[in-house]
Amino acid sequence: MTVIELGEISSGTRPPAVRPVAPRDLRRILVAVVALLTLLGVTGSARPEPQSMRTLWRTPTSQEPFTLRGDTLYIQRSGRAPALEARAIADGRVLWQAPLDQPVGYVNVEVPGLVLVPATEQLADGSEQVQSIVALDAATGRERWRHRGELYAQTPDAMLLAEWSPRGGAVLRLHLARVADGTDIWSYTPTGPGAASTISPAGGTPGAPTDLIVIDRSGRVELRSLADGKVKRTGKVPWLSPEANTDSYGYAPVIGDVFFAVAVENGTMRVTAHDLATLRPLWEQFTDNGDLGGLFECGQMLCRGSEQTGIEALDPRTGVARWRSQGWSYGTMLDATRMYVESHSGAGNGIVDVRTGEVIAKFPTTMVVMDPSADRLILMAITREARPRMAVYNLEPDNSLRLAGALPQAGGDQGCQLSGRRLVCLFHRDLKAGEPPARPERSDIPFDPQDQEIVVTDVG
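Residues numbered from 1 in each chain as written. Predicted model: local features only at pLDDT ≥ 70, side-chain atom pairs only at ≥ 80, totals over all residues. Heavy atoms only, no water.

(A) Main features of the sheet that holds strand 12 (residues 171-178). Read across the open sheet, the 4 strands follow the order 10-11-12-13; overall the sheet is antiparallel. The sheet is open, and its two edges are formed by strand 10 (150-154) and strand 13 (184-188), each paired on a single side. Geometrically, the sheet is characterised by an average inter-axis angle of 25° between neighbouring strands, direction not taken into account. (Pairing = 2+ DSSP bridges. Helix = DSSP H or I, 4+ residues; strand = E, 2+ residues; numbered from the N terminus. Axes fitted to C-alpha atoms, helices over the stretch in contact; angles between N-to-C directions.)

Here it is, written out as structure tokens:
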């Protein structure tokens, strides 16, 4: 095992304990924001002061959301005339601006050729629910179509859109819509007293599923063909009780040819594994130790992570534990053999071999930013200078760290996003440093002296 010294880390906000989310909130998983903001206090030895990283360009903002995808950065501009702005990541050139009906919390850029903008409605409890999506052309920003529902899954040519009830998280209607023009290939309205409450894509590959699992409130399961919406098979799974309160939830992740009915109620998590082709049960597991943790895929296995037990990797078809690794709460795959792991209790981060659970490298808890498309990871740690900055390290294929340079401390809640060599962060502007505030490149973009700016740098 390699222990990597990064220097001093400041105290800060830790992400919440990982747990599955309700169907209404799964859209957050689609957001291409993968920065893990974890800044905790540890000690370290003094290091030479790193050189400041090269700034490619910057633009003023006011804590507005941004999304980085490939070679384009999408920035949401608020004010009297909300707009979405697309910029070339290499030089900051404005590619297009598109007016928005209302300010939005995120945009989805996972569908090639499109930028999906959600249209939301505020519910009585103060939360927001997506009512429809507006599809913009990624090259021009022009609107191509609109459709009811929110994006839930996609294939190369189609998207599964779900309309949800404002109460109880029931599915009102499902649509499989064409990417090209937003027209329906098929639609389905669940009926009956059970009301569909959980949907999960299944079969095929993550980017091209072939089937759809639909579970109603009673635990009745339908396996439907994603191509035409027709029912292929029905069954029954253990599910939430009729008396389940609002803190209870269920979901159905899929790994290969196995799907899992996960029901969390009254402090107990029940996981039942089922064969996808036949829907027959394979195994069942209960957890009620007060630290339920969360489930996630790790390689070809099902992993459960919690502060008390660490990460446990289970064979999907048998439920037998293949390995256990103590001290970690959650993991994210880097490549076919390596998984980045973290502890929410402040015990540190590291890299483990996903085949055995063996710790390959370990380092103090830092701010971690991942590029989801290139499987690249950088780590950022507070320096020990009189005026602390963030030292930026590239994680190399051999699990060593290469110093890329230093940046000011990131500000706001967005942190940083990464695409290839380009790192985008939100900073508090420091006018004391003698650097003039950034101004828009185009005169038609209103400028308001703000205390935030988006800065794009090259991490090498």
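Following the structure, the description resumes.
(B) Broad picture of the state of the cysteines. Throughout the structure, instances matching the rule amount to 2 disulfides. There is a disulfide in this structure between C298 and C303, and the S-S distance comes to 1.9 Å. Handedness of the C298-C303 disulfide follows from its S-S torsion of about 80°: it is right-handed. Overall, C298 belongs to the buried group, its relative accessible area being 0%. A residue is classified by how much of its surface remains accessible, and C303, at 0% relative accessible area, is buried. Note on cysteine connectivity: C416 is disulfide-linked to C425, with sulfurs 2.1 Å apart. Between C416 and C425 the sulfur-sulfur dihedral comes to about 110°; the bridge is accordingly right-handed. Note on C416: relative accessible area 0%, which makes it buried. With a relative accessible area of 0%, C425 lands in the buried category. What connects to what in the chain, once the bonded cysteines are numbered by sequence position, is 1-2, 3-4. (Disulfide = S-S within 2.5 Å. Buried < 20%, exposed > 50% of the residue type's maximum accessible area, 1.4 Å probe, protein only.)

(C) Spatial organisation of the pairing of strand 16 (residues 220-225). For strand 16, a buried count of 5 out of 6 residues is recorded, marking the element as mostly surrounded by other parts of the structure. When strand 15 (residues 211-216) meets strand 16, the two strands line up antiparallel, connected through 5 bridges. Note that in strand 16 the partner of V214 across the bridge is E222. Linking strand 15 to strand 16, which pair antiparallel, is a turn of 3 residues; within it G219 sits at a positive phi near 95°.

(D) Spatial organisation of the environment of A98. Here A98 is to be found in strand 6 (residues 94-99). The residues touching A98, leaving out its near neighbours within four places in the chain, are A83, L84, L136 and G141. (Contact = heavy atoms within 4.5 Å.)

(E) Main features of the sheet that holds strand 26 (residues 321-325). Spatial ordering of the open sheet is given by 23-24-25-26, a layout of 4 strands whose pairing is antiparallel. For this open sheet the edge positions go to strand 23 (294-298) and strand 26, each flanked by a neighbour on one side alone. Averaged over neighbouring strand pairs, the angle between their axes works out to 25° when direction is ignored. Where strand 23 lies against strand 24 (residues 301-306), 5 bridges are found, and the strand directions are antiparallel. Each residue of the ladder has a partner; that of F296, found in strand 24, is C303.

(F) Structural view of the confidence of the model for the chain. Looking at the chain as a whole, its pLDDT mean stands at 82, while 82% of the residues score no less than 70. Note on residues 7-46: pLDDT under 50 across the span, and 114 contacts to partners over four residues away in sequence or across chains. Segment residues 431-449: pLDDT under 50, and 25 contacts once partners within four positions in sequence are set aside and those in other chains are kept. (pLDDT = per-residue confidence, 0-100.)

(G) Local environment of unusual backbone geometry. We note that N266 has phi near 55°; this positive angle belongs to a residue other than glycine. Looking at the element boundaries, N266 is found in the loop between strand 20 (258-265) and strand 21 (268-275). At L279, a residue that is not glycine, the phi angle is positive and equals roughly 65°. Inspection of the secondary structure assignment puts L279 in the loop between strand 21 and strand 22 (281-287).

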